[in-house]
Amino acid sequence: MKFIDLKKQYMKLENEINANIQTVLEHEKFIMGPEVLELEKALAEYTGRKYAYTCSSGTDALVIPLMAYELMETDAVFVPSFTFFASAESINLAGGTPVFVDVTDDFLMDCNDLENKIQRTLDEGKLVPKGIIAVSLFGQICDFDAITKIAKKYNLFVLEDAAQSMGAGRFDRKSGSFGDVSATSFFPAKPLGCYGDGGAIFTDDDELAEKIKSIRVHGQGNGRYDNVRIGVNGRMDTLQAAVLLPKLKILDEEIKMRQNVAKTYTEQLQEYFVTPKILNGNESAWAQYTLLAENEEQRNQIVEKMKESDIPIMVYYATPLHMQTAYAYLGYKPTDVENAYRLSKRVFSIPMYPYLEMEDILKICNLLKNIVKE
Ligand SMILES: *Cc1c(COP(=O)(O)O)cnc(C)c1O
């Protein structure tokens, strides 16, 4: 069994994807071709944002707006410790310093701890609070009302890391529309994935949009060889845009299919494990279906035993960011970000994609139940 089966989606869209790729091969506008502009227009419409800019990866989608904020090493950006490395790495790449915030049991930023960490940073006086990266982890959008309130109080920017949440909804809004600016990834395994690396940046802010557009292409000013700031080569390939266009059209339908998979998982497994907590008003994109085992020993046993039955189990994430070697220089102790540390010992994610069949879902559930019963 596969953890994520991309082939089934390709079989459904094969004709359109092949035709789109063929069109690009014929027009030869491999960089910033018409498909890129078409996709940006469709993405802006889909998210309800004024501006959508495609770029080369989800990581660049975070780095580019952070570069626009012109961070210094003494600038603090608050980010959850329980997330993929790029959420924090992007802060360093843009010149700032991450401050790690805890998460609650829904894997999303703990707003009480966020405010504590901001206060502590102000009290210590070494770093200046500048922004917040709120990660909509595993496909679920954060409580942006609460986050925005804190951001306003301390005059901080809010960047939504929507790498795992394209297609997700919160009340009447889509992921990609929250905060001052949002970043997503089109890495193949994400809810909306291309066939390589890709990403997109969303904002309603005219001034920020200008800077993002410029930084994406070497800090371009007026015309191609006028450079007004330091930027990156962060464009998306036209071929990837051509692949994404038909996939975006079926995203909502696929999110519904993921909901059905998640619903069965929860019904089957809620007596045996801690199942995902979904906030009121949220429709998760179910990038991952993540359970909590009783403890680390049981979690590791599950990974091993399921492997014997050819069922891949992934551990997102076994090491919270405050414990990563790369961040040893910040001097965190494991319990400094306590819940992130505890969750990292217990989490495991089971296969999740729209085309997962009932027979396989039940097989996975039954094997998991048997491990607990033993
Ligand atoms: C995947 C991911 C990224 C980075 O995206 P890439 O396209 O792999 O660079 C950033 N943040 C989160 C939460 C992610 O899951």
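No experiment lies behind these values; they were computed from the predicted model shown.

**Observations concerning the pairing of strand β3 (residues 97-101)**
1) Next: Most of β3 sits out of view: 5 of its 5 residues are buried.
2) Next: The side-chain alternation of β3 yields two buried faces, one formed by Thr 97, Val 99 and Val 101 and the other by Pro 98 and Phe 100.
3) Next: Across 5 bridges, the pairing between strand β2 (residues 75-80) and β3 is parallel. Across the sheet, Val 79 pairs through a bridge with Phe 100, a residue of β3.

**What about the site of the ligand?**
1) Next: In the region of the ligand, 14 residues are neighbours, and Gly 58, Thr 59, Gln 164, Ser 185 and Lys 190 sit closest.
2) Next: Residue Gly 58 places a main-chain N or O atom 2.7 Å away from an oxygen atom belonging to the ligand.
3) Next: Thr 59 places a side-chain nitrogen or oxygen 2.5 Å from an oxygen atom of the ligand.
4) Next: Computed on the free molecule, the ligand has an accessible area of 380 Å², of which 92% lies beneath the protein chains in the complex.

**Notes on the packing of helix α5 (residues 111-124) against helix α6 (residues 144-154)**
1) Next: In the contact formed by α5 and α6, the axes pass within 10 Å of each other and the chain directions differ by 15°. Between α5 and α6, the interaxial angle falls into the category roughly parallel. For the pair α5 and α6, the crossing hand works out as right-handed. Of the residues in α6, those in contact with Cys 111, Leu 114, Glu 115, Ile 118, Gln 119 and Leu 122 of α5 are Ala 146, Ile 147, Ile 150, Lys 153 and Tyr 154.
2) Next: Considering only residue class, the contact of α5 with α6 consists of 8 nonpolar, 1 polar and 2 charged.

**Quick look at the nonpolar core**
1) Next: Counting residues in hydrophobic clusters, the biggest one holds 82 residues, and the most contacted among them are Leu 43, Phe 78 and Phe 82.
2) Next: Residue contributions to this core peak at 7 residues, all from helix α3 (residues 58-68).
3) Next: Residues in contact with Phe 78, not counting those within four places in the same chain, are Val 99, Val 101, Met 109, Leu 114, Lys 117, Ile 118, Thr 121, Pro 129, Gly 131, Ile 132, Ile 133 and Leu 156.
4) Next: Listed in part, the 29 residues of the second largest apolar core include Ala 262, Val 303, Ile 361 and Ile 371.

**Considerations on helix α4 (residues 86-93)**
1) Next: Listing the buried residues of α4 in full gives Ala 86, Ser 87, Ala 88, Ser 90 and Ile 91.
2) Next: The inward-facing, buried residues of α4 contact α3, β2, β3, β4 (128-135) and β5 (157-161).
3) Next: Count one or two residues on from α4 and you reach Gly 95, which has phi positive near 100°.

**Brief notes about helix α10 (residues 296-308)**
An α-helix turns once per 3.6 residues; consequently, residues spaced three or four apart project the same way.
1) Next: Relative to the 18 Å expected for 13 residues at 1.5 Å per residue, α10 spans 19 Å between its end C-alpha atoms, a close match to the ideal helical length.
2) Next: Residues of α10 that are buried: Gln 298, Arg 299, Ile 302, Val 303 and Met 306. The buried residues of α10 occupy an angular sector of 140° when projected down its axis, which confines them to one face. Set apart from the buried face of α10 by more than 90 degrees, the exposed residues are Glu 297, Lys 307 and Glu 308.
3) Next: Residues of α10 that are buried in the fold lie against α11 (338-346), β14 (347-350) and α12 (358-373).
4) Next: N-cap assignment for α10: the residue whose side-chain oxygen lies 3.3 Å from the backbone N of Glu 297 is Asn 295.
5) Next: Asp 310 lies just past α10 and shows a positive phi near 65°.

**A few points about the sheet that holds strand β7 (residues 173-174)**
1) Next: Spatial ordering of the open sheet is given by β7-β6-β12, a layout of 3 strands whose pairing is antiparallel. Two strands close off the open sheet at either side, each with one partner strand: β7 and β12 (282-283).
2) Next: Sheet topology places strand β6 (residues 169-170) next to β12; 2 bridges connect them, and they run antiparallel. Counterpart to Arg 170 in the pairing with β12 is Asn 282.

Calculation criteria
- Residues numbered from 1 in each chain as written.
- Predicted model: local features only at pLDDT ≥ 70, side-chain atom pairs only at ≥ 80, totals over all residues.
- Heavy atoms only, no water.
- Buried < 20%, exposed > 50% of the residue type's maximum accessible area, 1.4 Å probe, protein only.
- Helix = DSSP H or I, 4+ residues; strand = E, 2+ residues; numbered from the N terminus.
- Pairing = 2+ DSSP bridges.
- Near = heavy atom within 4 Å.
- Polar contact = N/O pair within 3.5 Å; in protein donor to acceptor, adjacent residues only side chain to side chain.
- Areas by Shrake-Rupley, 256 points an atom, 1.4 Å probe, with all protein chains shown as cover.
- Axes fitted to C-alpha atoms, helices over the stretch in contact; angles between N-to-C directions.
- Parallel < 35°, antiparallel > 145°, perpendicular 65-115°, else oblique.
- Left-handed = near helix turned anticlockwise from the far one by under 90°.
- Contact = heavy atoms within 4.5 Å.
- Nonpolar A, V, L, I, M, F, W, Y, C, P; charged D, E, K, R; others polar.
- Core = buried A, V, L, I, M, F, W, Y, C linked by side-chain atoms within 4.5 Å.
- Expected span 1.5 Å × (residues − 1).
- Arc of directions from axis to C-beta.

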